Amino acid sequence: SEWHPNYEFREGQLRMAEAVEAALADKRHLIVEAGTGTGKTLSYLVPAILSGKRVIVSTGTKNLQEQIYFKDIPFLSQHLGELRACYMKGRQNYACRQKIYDAEKEPILTGLEEVADFQIIREWEKTTETGDRAEIKQLPENSSTWAKIDARAEACTGQKCPQFERCFITQMHMKANESDLIIVNHHLFFADLNVKGDERGAILPDYSAVIFDEAHEIEDTAGQYFGVSVSSGQIEELSRDVVILSNRKQFNSTELDNVLMTLNDKAAIFFALFHANEGRTGFRAHDAFLEANEEAYRNVLYALEIVALQLELTKSAPDEVLPLMARARDLIKRLEFWMESRDKRYVYWIEKRGRRTFLQATPIDVSGMLDERLFDAVDTVVLTSATLAVGGNFDFVAQRLGVRNPRTELVESHFDHHAQALLYVPQHLPDPRNAAFTAAAALEIVELLELSRGRAFVLFTSYSQMRVIYDRVSLEVPYQTFLQGTAPRSALLQEFLATPNSVLFATSSFWQGVDVPGEQLSCVIIDKLPFAVPSDPVVEARIGALRAEGREPFREYQIPNAAIALKQGFGRLIRSKTDRGVLALLDHRITKTAYGQIFFDSLPHYSFTMKRDDVAKWFDKLK
């Protein structure tokens, strides 16, 4: 209260801080749900700093990571003395000095745009202390120049590099080794956990505690990093990087050109054999596929090995060929695992994205891996988020993540949700599974947007539904409308904030981590209860695994998952004590089924209505 000009006492903030302090002191794991507005960041940072231990703080997004490091840490260091803290991101976020110096002498840039971007990067490199691309505000998000000079590991020669001592990655690791508080994101944390004890070496220094903020994302992120992935794009990129390096370092040859051409041809033939639709498709036909296409598969493995051998035999080859050889052989290992392993703990699937084909293997159940590699290996793990409890308890998240006997704490938001938000569930719409639902939902959305005068997010559980309803609604309302996918997420959000009375139509990536306080967002409309698509290969496999154990996947997995997702979506509306607005769920199953009560029990205590007239009166009061 003495430090902060806008301090207000929040009992939940103190309760959470004491729970985190006790978990760190007693070497126990803790799950804590802290409603929006609790001030949970300070609740875990203060006890983490005072514990005297090295603590990793892992966040769901880079934005939250930067907010902690550049806003919360400086505030606390004014009062707790100088803090030994740093933040770490994935290598692709940092510039490689050697690549920048090479690019000044060797022709790797194409077009005036790349040359202009390079001049910005080159001038910035002379003064930056971190090498973090987030510092360069004028560099486009999808800059192709950055991709050519970033510090990703695939082209790193490590200690053999002339810039090793001055390397931004080296400096980041040195700072981490000297820090007590290390701020990372979930992707970097699980990338590190996946290589611990491996010859590839750890990314993070040893630590005795980890705090996960936005912990509801952990199951999916862990599955991604504990899985195996190989894609047509990875082979294309390997081939491209070999060409670029061989031209730059002048060891290109007819033989090398020929083996790369063979690799590209054989890979194109192999990946074309997977006739999947755009999106994700399960794959179980390994034996039949190999029987019919073994030659095409072996040809890719052989071509990758020949590329690695050709690089190995190159006379006076530069050190940069070593990571390229390692990449080729790593692709062989991953492709063999995907094609020949019959490990029943994984679900195998294909994803088509445009021209590219991804072959993926994801663990069906990450709880055992997390138990062994994380909860059993680390003294204290704190899991926190505004959305972890289902129906008032943490059984679901503890079971999915493999946390045994954790302490738990449920801290309600100090916002008055009953006074601040009205939850509206219309009863006159068809069941969402009925073909007539889409047209009726579009009409209802038009009516609601007229009452709210725009100022809304309309959130969908599928892209196809979003596009169909957007086409119907955008022509019928007098407000500026934005559609996810037409611009980068951050640009859409900025436009929404800058355009009075606008409406944003979006899917899952806008359900969480988006903060729009104030009148600009006065209505959140959700089309359906956000059940995960049961035909998604990972969801389908997890449902199948529960069923095989004689359990009820709908009650034990699909409903709790959807309840957490609904909480996330509705959590966009009330971001401060002065926010007011309407939450509309166009799916009346929440009021007409027995399981609907679980959703109500998981949500804050909003005011509730099933009549649109009440919505009109609510908005009249807000004028």
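Note that the structure is predicted; figures quoted are calculated from it, not measured. Within each chain, residue numbers correspond to sequence positions counted from 1 in written order. With pLDDT at 70 or above as the cut-off, local features in this predicted model cover only qualifying residues; side-chain atom pairs require 80 or more to be listed or tallied, and sums for whole chains, interfaces and linings still use all residues. Side-chain metrics in this entry use all non-hydrogen atoms of the structure; hydrogen atoms and water are not considered.

## Looking at the overall build of the chain
- To qualify as a helix, a DSSP run of H or I must reach at least 4 residues; to qualify as a strand, a run of E must reach at least 2; elements of each kind are numbered from the N terminus. Along the backbone of the chain there are 24 helices and 18 strands.
- Our radius of gyration is a C-alpha quantity, and the globule rule it is checked against amounts to 2.2 Å times the number of residues to the power 0.38. Computed over the C-alpha atoms, the radius of gyration of the chain is 26 Å, within 12% of the 25 Å expected from 2.2 N^0.38 for a compact globule of 623 residues.
- Of all 623 residues assigned to the chain, the portion counted as buried reaches 52%.
- Considering only contacts within the chain whose residues lie at least 6 apart along the sequence, 77% involve residues at least 24 apart.
- Working definition of accessibility: Shrake-Rupley area with a 1.4 Å probe, residue cover restricted to the visible protein chains. Summed over all atoms, the accessible surface of the chain reaches about 28900 Å², with 50% contributed by carbon and sulfur.
- For the charge count, each Lys or Arg is scored as positive and each Asp or Glu as negative, with His and the chain ends excluded. Think of each charge as sitting on NZ of Lys, CZ of Arg, CG of Asp or CD of Glu. Computing the positive centroid from 72 side-chain charges and the negative centroid from 86, the chain places the two 1 Å apart. The buried label applies to any residue whose accessible area, calculated with a 1.4 Å probe on protein chains only, is under 20% of its type's maximum; exposed applies above 50%, and partly exposed to all values in between. In this analysis, two residues are considered to be in contact whenever any of their non-hydrogen atoms come within 4.5 Å of each other.

## Some thoughts on the nonpolar core
- By convention a nonpolar core is built from buried Ala, Val, Leu, Ile, Met, Phe, Trp, Tyr and Cys residues, the set being connected through side-chain atoms within 4.5 Å. Of all hydrophobic cores here, the largest spans 121 residues; its most connected members are F189, F212, F270, L370, L374 and L383.
- Considering each element in turn, this core owes the most residues, 10 residues, to helix α12 (residues 286-312).
- Once residues lying within four places of it in the same chain are set aside, the contact partners of F212 are S58, H186, F189, F190, I218, L374, V381, V382, L383 and T384.
- By size, the runner-up hydrophobic cluster in this structure holds 42 residues, among which are L546, A562, L585 and Y606.

## Details of a nonpolar patch on the surface
- A cluster of nonpolar side chains, contributed by W3, L50 and L80, occupies part of the molecular surface with about 290 Å² of accessible area.
- Inspection of the secondary structure puts W3 in the segment before α1 (11-26). Patch construction takes residues with relative accessible area above 30% that form no salt bridge. Like charges are linked within 9 Å, and nonpolar side chains (Val, Leu, Ile, Met, Phe, Trp, Tyr) are linked within 5 Å. For this analysis, a salt bridge means a side-chain nitrogen from Lys or Arg found within 4 Å of a carboxyl oxygen belonging to Asp or Glu.

## Regarding the pattern of salt bridges
- Under the criterion given, the structure shown has 43 salt bridges.
- Between R404 and D371 there is a salt bridge whose closest N-O contact spans 3.0 Å. In this pair, R404 sits in the loop between α15 (395-401) and β11 (407-411) while D371 sits in helix α14 (residues 367-375), placing the two residues 33 residues apart along the sequence.
- The class for R404 is exposed, based on a relative accessible area of 54%.
- Across the pair E444 and R612 runs a salt bridge, and its minimum N-O distance is 2.8 Å. In this pair, E444 sits in helix α17 (residues 437-452) while R612 sits in helix α24 (residues 612-622), placing the two residues 168 residues apart along the sequence.
- Through salt bridges with shared partners, a single network forms among E219, D220, R400 and R542.

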